[in-house]
Amino acid sequence: MYIKKRNLGDCTQETKSTAYKYKLQHDIEMTSGISAKLVVNADDFGYCLKRNEGIVECMQSGIVTSTSLLVNSQYSEAAVQSLKTLFPGKLPSKLPIGLHLNLTEGKPVSPNVTSLIGIDGEMLGKQGFRNEWERRTIKPEHVNIEMRSQIEKYQELVGCLPTHVNSHQHVHIIPGIAKMFVKLLKDYNISWTRLPWEPIMQLSLDKMAPDLLSKQFFYFINKVHADALEAKSLFEQNGLSFTDNFLGHFVMGAEMSASKLQFALHAILCNSSQHQKELYVKNSYAEDTITNVCSKGCTNGYSIPSTCELMVHPGYPSEEGIGGFLGGPDSFSLSSDRDNERIVLQNKRLHQYITNNNIKLVSFCEL
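Residues numbered from 1 in each chain as written. Predicted model: local features only at pLDDT ≥ 70, side-chain atom pairs only at ≥ 80, totals over all residues. Heavy atoms only, no water.

1. Observations concerning the state of the cysteines
Thinking step 1. For the coordinates displayed, the defined rule picks out zero disulfides.
Thinking step 2. Considering cysteine sulfurs only, C160 is the nearest to C365, which forms no disulfide, with 9.5 Å between them. (Disulfide = S-S within 2.5 Å.)

What follows is the structure, encoded as structure tokens:
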């Protein structure tokens, strides 16, 4: 899918004038007439009861429109039931839920995929899986078996095929796995997936030395971006759908705030890298800096992307030993980071910003 660009030279003088008028209040308001469809998708549904509770709350009272289910978790079934309670009478195929394919954590759904697990019987972890895949110790047929088993498990839990399939820690775009993933979705006639290419995050990384943030995270995001660019043409050639824009790591956990989300959405909708670069040079996400950057309008033409996916991870802080995978919930889940996302995603000013700028909140089954 592509962003359709509209050159200001093709517009009337009235449209040009409107396009450069910005109402600068506490929250940033873009020109009326800019519209997009925004999917706000909460990952890791089923991870634990606290995660389930936070996601459902953000769907009920916040801007979350969709979620992705882990099917190899102790609380997967509880997650599905909580969603059906939130949408009583809705057909399973109309529920705003998809599959969060998981090849890295917990026990696999299939019992016959020994190359995917360690001596503890659990899968190999985010980096462990990638390392063993590169060493070719993981059998491709085991990956294929497990992916198909998780689709079948999803059908058993939800009562239909998923509206979309993405993956835990972006394994579906790893070279080699991406080809199997494409065939999987085509075999099950599923069209929507995720392409986690995030230019606004790449600009942020380019402005930072690895020692200014976790080196592990720095290299992981760079690898994800490289894999996403390679997967893009493969997805397009095989008719898979993904949103025109993706936003997630840039506003994840403690990094999420209403102001930063507004800036990111503004930069994406205006499609102006100059806005982004100026922000990083100033090295500040203060509200006055964001307002100043976004007040300058789109100087290099005007873009109207049709779709954007915002990947989020809201939830109340997990409880020790309850849910999660081997050893219980991880440090990210136990921290206040998930709770921060839960609070921000219910921020009234953020919701008003989206409404004021004609951004339509949708799920994948509404695209």
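2. A few points about the pairing of strand β6 (residues 97–101)
Thinking step 1. Counting buried positions along β6 yields five of five residues, so the element is predominantly enclosed.
Thinking step 2. Bridge count between strand β5 (residues 66–69) and β6: three bridges; the pairing is parallel. Paired with S68 across the strands is G98, a residue of β6.
Thinking step 3. The parallel pair β5 and β6 is bridged by helix α3 (residues 76–86), and the resulting crossover is right-handed.
Thinking step 4. Bridge count for β6 against strand β7 (residues 165–167) is three bridges, and the pairing is parallel. From the neighbouring strand, L99 faces β7, where its bridge partner is V165. (Buried < 20%, exposed > 50% of the residue type's maximum accessible area, 1.4 Å probe, protein only. Helix = DSSP H or I, 4+ residues; strand = E, 2+ residues; numbered from the N terminus. Pairing = 2+ DSSP bridges. Right-handed = clockwise from strand over helix to strand, strands pointing away.)

3. Here we look at the side chain of H168
Thinking step 1. Tracing the backbone shows H168 in the loop between β7 and α6 (177–187).
Thinking step 2. For H168, the side chain forms a polar contact with the side chain of H100, separated by 3.3 Å.
Thinking step 3. For H168, the contacting residues outside a window of four places in its chain are D44, L70, H100, L101, N102, T104 and E105. (Polar contact = N/O pair within 3.5 Å; in protein donor to acceptor, adjacent residues only side chain to side chain. Contact = heavy atoms within 4.5 Å.)

4. A word on the packing of aromatic side chains
Thinking step 1. Taken as a whole, this structure holds four aromatic pairs when the rule is applied.
Thinking step 2. Here F181 and F235 contribute two aromatic rings whose centre-to-centre distance is 6.2 Å and whose plane-to-plane angle is 45°, an arrangement assigned as tilted. On the criterion of sequence distance, the pair formed by F181 in helix α6 and F235 in helix α8 (residues 215–237) is long-range, its members being 54 residues apart.
Thinking step 3. Among the residues examined, F181 registers a relative accessible area of 0% and is labelled buried.
Thinking step 4. Centre to centre, the rings of W192 and F364 are 5.8 Å apart; their planes meet at 55°, and the pair counts as tilted. In this pair, W192 is assigned in the loop between α6 and α7 (199–206) and F364 in the segment after β11 (359–362), connecting sequence segments 172 residues apart. This pair shows no difference in class: W192 is buried, exactly as F364 is.
Thinking step 5. These aromatic residues form a ring-pair network of at least three members: F181, F235 and F242.
Thinking step 6. When the ring centre of Y316 is taken as reference, the NZ or CZ atom of K50 above it lies at 6.0 Å.
Thinking step 7. Across the ring face of F250, the terminal group of K260 is positioned such that the distance to the ring centre comes to 4.3 Å. (Phe/Tyr/Trp six-rings, centres within 6.5 Å; stacked < 30°, edge-to-face > 60°. Lys NZ or Arg CZ within 6 Å of the ring centre and 35° of its normal.)

5. With respect to the packing of helix α2 (residues 49–61) against α3
Thinking step 1. Two elements in contact, α2 and α3, have axes separated by 10 Å at closest approach and are oriented at 20°. One element, α2, and the other, α3, form an angle in the roughly parallel class. Crossing geometry of α2 relative to α3 is assigned as right-handed. Contacts between α2 and α3 involve L49, N52, V56, M59 and Q60 from the former and A78, A79, S82, L83 and L86 from the latter.
Thinking step 2. Tallied by class, residues from the contact of α2 with α3 come to seven nonpolar, three polar and no charged. (Axes fitted to C-alpha atoms, helices over the stretch in contact; angles between N-to-C directions. Parallel < 35°, antiparallel > 145°, perpendicular 65-115°, else oblique. Left-handed = near helix turned anticlockwise from the far one by under 90°. Nonpolar A, V, L, I, M, F, W, Y, C, P; charged D, E, K, R; others polar.)

6. Description of unusual backbone geometry
Glycine aside, residues mostly have negative phi angles, and peptide bonds mostly take the trans form.
Thinking step 1. We note that R136 has phi near 65°; this positive angle belongs to a residue other than glycine.
Thinking step 2. Tracing the backbone through its elements, the reader meets R136 in the loop between α4 (126–134) and α5 (140–158).
Thinking step 3. The exposure class assigned to R136 is exposed, which follows from its relative accessible area of 75%.
Thinking step 4. Of note, the phi angle at H170 is positive, near 60°, even though the residue is not glycine.
Thinking step 5. Considering the arrangement of structural elements, one finds H170 in the loop between β7 and α6.

7. A closer look at the nonpolar core
Thinking step 1. L69, V143 and L247 are the most contacted members of the largest nonpolar core, which has 79 residues in total.
Thinking step 2. At eight residues, the largest contribution of residues to this core is made by α8.
Thinking step 3. Once you skip the residues sitting within four places of it in the chain, L247 turns out to touch E198, I200, L261, A264, L265, I268, E309, L310 and M311. (Core = buried A, V, L, I, M, F, W, Y, C linked by side-chain atoms within 4.5 Å.)

By themselves these figures say nothing about function.
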